[in-house]
Amino acid sequence: TLFRSATDQDENSEKRKLQAGKKTQDRQKKRQRDRMVERIQYVCSLCKFRTYYDDEMKSHLESKFHSDHFNFVGTKLPKQTADFLAEYVANKTKKTEERRKSVEDINAAIQQIYKDQDLTQDLGMEHFVKKVEAAHCTACDFFIPMQYGILQKHLKSVEHNQNRKAMMEQSKKSSLVVAKSILNNKMISKKLEMYLKGENPFTDELDKDDAAEGTAECEPVENQTEVTEESKVEGMETDCGTGEDQIETEANEESTADDEKPLEGDDGDEGEAHAEG
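Residues numbered from 1 in each chain as written. Predicted model: local features only at pLDDT ≥ 70, side-chain atom pairs only at ≥ 80, totals over all residues. Heavy atoms only, no water.

Colleague: Any chance you could explain the overall build of the protein chain here in plain terms?
Modeller: Counting its secondary structure elements, the protein chain contains 10 helices and 5 strands. Considering only contacts within the protein chain whose residues lie at least 6 apart along the sequence, 63% involve residues at least 24 apart. (Helix = DSSP H or I, 4+ residues; strand = E, 2+ residues; numbered from the N terminus. Contact = heavy atoms within 4.5 Å.)

Rendered as structure tokens:
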């Protein structure tokens, strides 16, 4: 009995070591993926828009959705401050373009990110679970099968058109929260001061200074277990990011909390995902 107990303890200890080793590998894999995401993903913080593709970012910046959000923010802020925000977003896009040039095969990197995010790939066929494509309507909290007829039916529904109009107003108000939080950041407020004086705050030298300042109080990657969103800028190997990235993430989290409040006409089933089909 004592021998069996000791053997069981050894087996349990070995299992714990294996589990701990797998968790460490998973964390390292996630860190590597998040670093790559930070290098190649385009972000428009005010619109909460993200994409890995050049043409999609270009289309977004030229879209009515983007201009409507910036026009709304422009009615709540001084003109020069609103102009600065537009320059700020354009500069972030430019820096992302520069970082992407250092990636040897950008398409392969994007495909690898999507593959790593697919949680179904490790499931055996006996579970009969596979990844499928669907459209998610945030305004209605609906998952819609990727079929033209069903999608068009949803887009033409009275409920969707009521919800999307309410969501648009909510989204614009949310963009103002993000804008104010960005402007309240110490580093960005300094850039704004320069901009208001007629100087260019978006030079390469200043951007490098900002990256250094933003990472001055960060722990090295190897001392951290998780990677935060928008954490790696200008190739700096840290997980907490620059002040710019952190303030945008926090502002988006704050505005997202507002977005999750029920829309007018909601039946109160907040957070429950529905499916049409």
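Colleague: How should the layout of surface pockets be read in this particular structure?
Modeller: Think of a ball as big as a water molecule: rolled over the atoms, this probe shows where empty space is left. Quantified by volume, the second largest pocket comes out at close to 300 Å³. Every residue lining the second largest pocket is counted, 13 residues in all, and those nearest its centre are Asp 26, Lys 29, Asp 116, Leu 119 and Asp 122. Elements supplying a minimum of two residues to the lining of the second largest pocket: helix 1 (2–40) and helix 5 (106–117). Here the lining of the second largest pocket is built from residues that sort into 1 nonpolar, 3 polar and 9 charged. (1 Å grid on protein atoms, 1.4 Å probe; cavity = no way out; pocket = protein on both sides within 12 Å on 5 of 7 lines; lining within 4 Å. Points joined across faces, edges and corners; volume = space filled by probe spheres on them. Nonpolar A, V, L, I, M, F, W, Y, C, P; charged D, E, K, R; others polar.)

Colleague: What should I look at first to understand the environment of Leu 196 in this one?
Modeller: Here Leu 196 lies in helix 8 (residues 186–196). Leu 196 gets classed as partly exposed once you look at its relative accessible area, which sits at 41%. Taking the C-alpha atoms as reference points, Leu 196 and Asp 83, 113 residues apart in sequence, are found 10.0 Å from one another. (Buried < 20%, exposed > 50% of the residue type's maximum accessible area, 1.4 Å probe, protein only.)

Colleague: Just checking my understanding: could you explain unusual backbone geometry for this structure?
Modeller: For residues other than glycine, phi is negative in most cases, and the peptide bonds are mostly trans. In this structure, Phe 128 is a non-glycine residue whose phi angle is positive, near 55°. In this fold, Phe 128 is placed in the loop between helix 5 and strand 3 (134–137). When its relative accessible area of 77% is taken as the criterion, Phe 128 is described as exposed. Here Asp 141, not a glycine, exhibits a phi torsion of approximately 55°, which is positive. You can call Asp 141 partly exposed: its relative accessible area is 22%.

Colleague: Looking at this model, I keep getting lost on the packing of aromatic side chains. Mind explaining?
Modeller: Each aromatic ring pair is summarised here by two numbers: the centre-to-centre distance and the angle between the ring planes. Applying the stated criterion across every chain yields a total of 4 aromatic pairs. Through pairs of rings, three or more aromatic residues link up here, namely Phe 84, Tyr 88, Tyr 195 and Phe 202. (Phe/Tyr/Trp six-rings, centres within 6.5 Å; stacked < 30°, edge-to-face > 60°.)

Colleague: For this particular structure, what's the right way to read the pairing of strand 3?
Modeller: In regular strands, side chains alternate between the two faces of the sheet. Only one face of strand 3 is buried: it carries Ala 135 and Cys 137, and the other face, with Ala 134 and His 136, is open. In this antiparallel pair of consecutive strands, strand 3 and strand 4 (residues 142–145), the connection spans 4 residues, and Asp 141 shows a positive phi of 55°. (Pairing = 2+ DSSP bridges.)

Colleague: Mind showing me how you'd approach the environment of Arg 50 here?
Modeller: One can find Arg 50 in strand 2 (residues 49–51). Its relative accessible area of 35% is what places Arg 50 among the partly exposed residues. A polar atom in the side chain of Arg 50 sits 3.0 Å from the side chain of Gln 41. (Polar contact = N/O pair within 3.5 Å; in protein donor to acceptor, adjacent residues only side chain to side chain.)

Colleague: Just to check I follow, could you spell out the environment of Glu 98 for this structure?
Modeller: Among the secondary structure elements, Glu 98 is positioned in helix 4 (residues 79–100). A polar contact of 3.2 Å, which involves the side chain of Glu 98, links it to the side chain of Lys 101.

Colleague: So what exactly am I meant to see when it comes to the nonpolar core here?
Modeller: A general trend in soluble globular proteins is that nonpolar side chains are found buried together. Core analysis: the largest hydrophobic core is formed by 22 residues, its most contacted members being Leu 46, Val 73, Phe 84, Leu 85 and Ile 182. Of all the elements in the fold, those that place two or more residues in this core are strand 1 (42–44), helix 3 (64–76), helix 4, helix 7 (158–184) and helix 8. In terms of residue count, the dominant contributor to this core is helix 7 (5 residues). Phe 84 has contacts with Leu 183, Ile 188, Lys 191, Leu 192, Tyr 195, Pro 201 and Phe 202, leaving out every residue within four places of it along the chain. Among the nonpolar cores identified, the runner-up in size contains 8 residues, and Val 37, Tyr 52, Ala 109 and Ile 113 belong to it. (Core = buried A, V, L, I, M, F, W, Y, C linked by side-chain atoms within 4.5 Å.)

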